[in-house]
Amino acid sequence: MTHALLPALWLIVLIVGLPQLSETVYTPSLPDIAHALHAAESMVEYTLTIYLFGFAIGTLFWGKLSDHFGRKPCVLAGLFIFILGCIGCYFSSTIEMLMISRFIQAFGGSIGSVLGQAICRDSFHGPSLGKAYASIGSGLAIFPAIGPVIGGVIAQHFGWASIFLSLVLFAIILTLLVAKLLPETHQVANRQSVSILEISSSLLKNKKVIGFGLIVSACNGISFSYFAEGSFYLIKILGLTPSEYGLSFIAIAAATMMGGILSKKLHNHHTAKTIMGYGLVIILASASIFSLFTVIHTNILPFPTNLMIGITILSQMSIMFGICMATSNALALALADYKWCIGTASSLFGFFYYSLISLFTLGMGALHNDTLLPMPLYFLGISLFMLIVQKFMISR
């Protein structure tokens, strides 16, 4: 691809980031939504689970379609469906309507994940791809982290439903930017008919691809479990207001960004696999400290509430720092051998790990019991699982 046809990296980050933003922007309002829609707290948490499931279904659809019709028209179509879903969320008066609208929103928004990655792989190669994925990985982690900051402010002043109206506005602006500035990165000459069955079989037989998918899904499982459970944890149990809870994500977003910056710098001297390993160790150490303090607070010596709030936020900052390092490099490595069918391969890979992310958040919802213990212990279990995957499926 000539330099003139290279897409702007900031535009790819926005394509990837907007659907990620919509995953979490409403989380400070989860307790209010439960009250307004007369729904159980676990049911409201499952609106995040169903979003992730809709995302998984969408990734299965858009990759194959973009291999045939090109990336740009599919991005535009996905954004249109995303806008329809946001409008449905805005008008939702029951938890069932909100869930259906969240599914539609996610189905359209899934173009951000599968096609953002496909555009990146169409356009960048070698070390440039690793550095581009460091930026993409930052977007994947930062946008969900800043979502509660934005959502907390909007909900405080205009009510929770207005959050979805804001997403409509953001999506319209992005649609106009894509229409004007995004070149078609998958040229007609490179389009070929590929067998989904053949590629699926190849991916399932590749132990490293499965290992990278498990790490991506587990990292995001921790992130989105925090977004689902954290509002009840910090607002309902520890007493933060929705806006204070939202503002705490400024620190989490900053830590996430620092993880992306460090990952990008480390690419000058270390392999992507090594950097991913560093990230996994940081996640494990952070989850261990978080769990230790929570167990002591719950069973041995109660700490002041403000101290527990600080420990929770600092632990999540450190976890997100490691997650950004781990996920960006796992994504860059996972499909290195599938450039010839990258749209379809990204689609299948995205379906695999987003299905697992939805299961991880489902697990967090099932463990919810109005106490502080389930979340940190769940994160510790997931972080240990990732190190086992790294050792037996990737390092070997």
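So, here's what we can say about the structure.

Reading guide: rules and limits
- Residues numbered from 1 in each chain as written.
- Predicted model: local features only at pLDDT ≥ 70, side-chain atom pairs only at ≥ 80, totals over all residues.
- Heavy atoms only, no water.
- Helix = DSSP H or I, 4+ residues; strand = E, 2+ residues; numbered from the N terminus.
- Buried < 20%, exposed > 50% of the residue type's maximum accessible area, 1.4 Å probe, protein only.
- Polar contact = N/O pair within 3.5 Å; in protein donor to acceptor, adjacent residues only side chain to side chain.
- Contact = heavy atoms within 4.5 Å.
- Axes fitted to C-alpha atoms, helices over the stretch in contact; angles between N-to-C directions.
- Left-handed = near helix turned anticlockwise from the far one by under 90°.
- Salt bridge = Lys/Arg side-chain N within 4 Å of Asp/Glu carboxyl O.
- Phe/Tyr/Trp six-rings, centres within 6.5 Å; stacked < 30°, edge-to-face > 60°.
- Lys NZ or Arg CZ within 6 Å of the ring centre and 35° of its normal.
- Patch = residues over 30% accessible without salt bridge, like charges linked within 9 Å, V, L, I, M, F, W, Y side chains within 5 Å.
- Areas by Shrake-Rupley, 256 points an atom, 1.4 Å probe, with all protein chains shown as cover.
- Disulfide = S-S within 2.5 Å.
- Core = buried A, V, L, I, M, F, W, Y, C linked by side-chain atoms within 4.5 Å.
- Expected span 1.5 Å × (residues − 1).

**A short note on the side chain of Ser 286**
Argument step 1. Its place among the elements puts Ser 286 in helix α12 (residues 272-299).
Argument step 2. When its relative accessible area of 7% is taken as the criterion, Ser 286 is described as buried.
Argument step 3. One polar contact links Ser 286 to Ser 318, side chain to side chain, over a distance of 2.5 Å.
Argument step 4. When sequence neighbours within four positions are dropped, the list of residues in contact with Ser 286 reads Ser 315, Ser 318 and Ile 319.

**Things to note about the packing of helix α10 (residues 207-237) against α12**
Argument step 1. Interaxial distance between α10 and α12 falls to 13 Å at its minimum, and their mutual angle equals 35°. The element α10 and its partner α12 pack so that their crossing is left-handed. Facing α10, whose interface residues are Lys 208, Phe 212, Ile 215, Cys 219, Ile 222 and Tyr 233, α12 presents Lys 273, Met 276, Leu 280, Ile 283, Phe 290 and Thr 294.

**Some words on the pattern of salt bridges**
Argument step 1. In this structure the tally under the stated criterion is three salt bridges.
Argument step 2. Between Glu 41 and Lys 236 there is a salt bridge whose closest N-O contact spans 2.4 Å. Here the residue Glu 41 occupies a position in helix α3 (residues 41-69), and Lys 236 occupies one in helix α10, the gap between them amounting to 195 residues.
Argument step 3. A salt bridge links Asp 370 to Lys 236, with the shortest nitrogen-to-oxygen separation between them at 3.8 Å. Here the residue Asp 370 occupies a position in the loop between α14 (342-367) and α15 (374-394), and Lys 236 occupies one in helix α10, the gap between them amounting to 134 residues.
Argument step 4. Given the relative accessible area of 41%, Asp 370 is considered partly exposed.
Argument step 5. A relative accessible area of 45% places Lys 236 in the partly exposed class.

**Details of the packing of aromatic side chains**
We describe a pair of aromatic rings using the distance from one ring centre to the other and the angle between the two ring planes.
Argument step 1. Across all of its chains, the model carries 18 aromatic pairs by this definition.
Argument step 2. Pairing Trp 160 with Phe 164 gives two aromatic rings, centres 6.5 Å apart and planes at 90°, and the pair type is edge-to-face. Across the pair, Phe 164 and Trp 160 agree in class, each one buried.
Argument step 3. Here the aromatic cluster, defined as three or more aromatic residues joined through ring pairs, consists of Tyr 51, Phe 55, Phe 349, Tyr 353 and Tyr 354.
Argument step 4. Here the basic side chain of Lys 391 rests over the ring of Phe 392, its NZ or CZ set 5.8 Å away from the ring centre.

**A word on the side chain of Ser 113**
Argument step 1. Position of Ser 113 relative to the elements: it lies in helix α6 (residues 111-123).
Argument step 2. Within the structure, the side chain of Ser 113 is placed 3.1 Å from the side chain of Tyr 353, a separation counted as a polar contact.
Argument step 3. When neighbours within four sequence positions are excluded, Ser 113 is seen to be in contact with Phe 55, Tyr 353 and Tyr 354.

**Let's talk about a nonpolar patch on the surface**
Argument step 1. On the surface, a nonpolar cluster with roughly 670 Å² of combined accessible area is contributed by Phe 80, Leu 84, Ile 87, Phe 91, Met 97, Ile 100 and Ile 104.
Argument step 2. Mapped onto the nonpolar patch, the elements with two or more residues apiece are α4 (71-90) and α5 (95-109).
Argument step 3. Tracing the sequence through the fold places Met 97 in helix α5.

**Some thoughts on the state of the cysteines**
Argument step 1. By the definition in use, this model includes zero disulfides.
Argument step 2. In this structure Cys 120 is a free cysteine whose sulfur lies 14 Å from that of Cys 324, the closest cysteine sulfur available.
Argument step 3. On the basis of relative accessible area, Cys 120 is assigned to the buried category, the value being 0%.

**A word on the nonpolar core**
Argument step 1. Ranked by size, the top nonpolar core spans 123 residues in total, and within it Ile 215, Ile 283, Leu 335 and Met 386 carry the most contacts.
Argument step 2. Top element by residues in this core is α10. It accounts for 17 residues.
Argument step 3. Dropping the residues within four chain positions of it, Leu 335 is found in contact with Arg 121, Leu 203, Val 209, Ile 342, Ala 345, Ser 346 and Phe 349.

**Structural notes on the environment of Met 99**
Argument step 1. With respect to the helices and strands, Met 99 occurs in helix α5.
Argument step 2. Overall, the relative accessible area of 14% leaves Met 99 in the buried class.
Argument step 3. Excluding residues that lie within four positions of it along the chain, Met 99 makes contacts with Met 43, Tyr 46, Thr 47 and Ile 50.

**Digging into helix α11 (residues 242-266)**
Argument step 1. For α11, spanning 25 residues, the distance from its first C-alpha to its last is 37 Å, which sits close to the expected 36 Å at 1.5 Å a residue.
Argument step 2. Every buried residue belonging to α11 is among Tyr 245, Gly 246, Ser 248, Phe 249, Ile 252, Ala 253, Ala 255, Thr 256, Gly 259, Gly 260, Ser 263 and Leu 266, and all of these are buried.

**Brief notes about unusual backbone geometry**
Argument step 1. Not every positive phi belongs to a glycine, and His 38 is a case in point at roughly 55°.
Argument step 2. Residue placement: His 38 occurs in the loop between α2 (30-36) and α3.
Argument step 3. Residue classification places His 38 among the exposed positions, given a relative accessible area of 74%.

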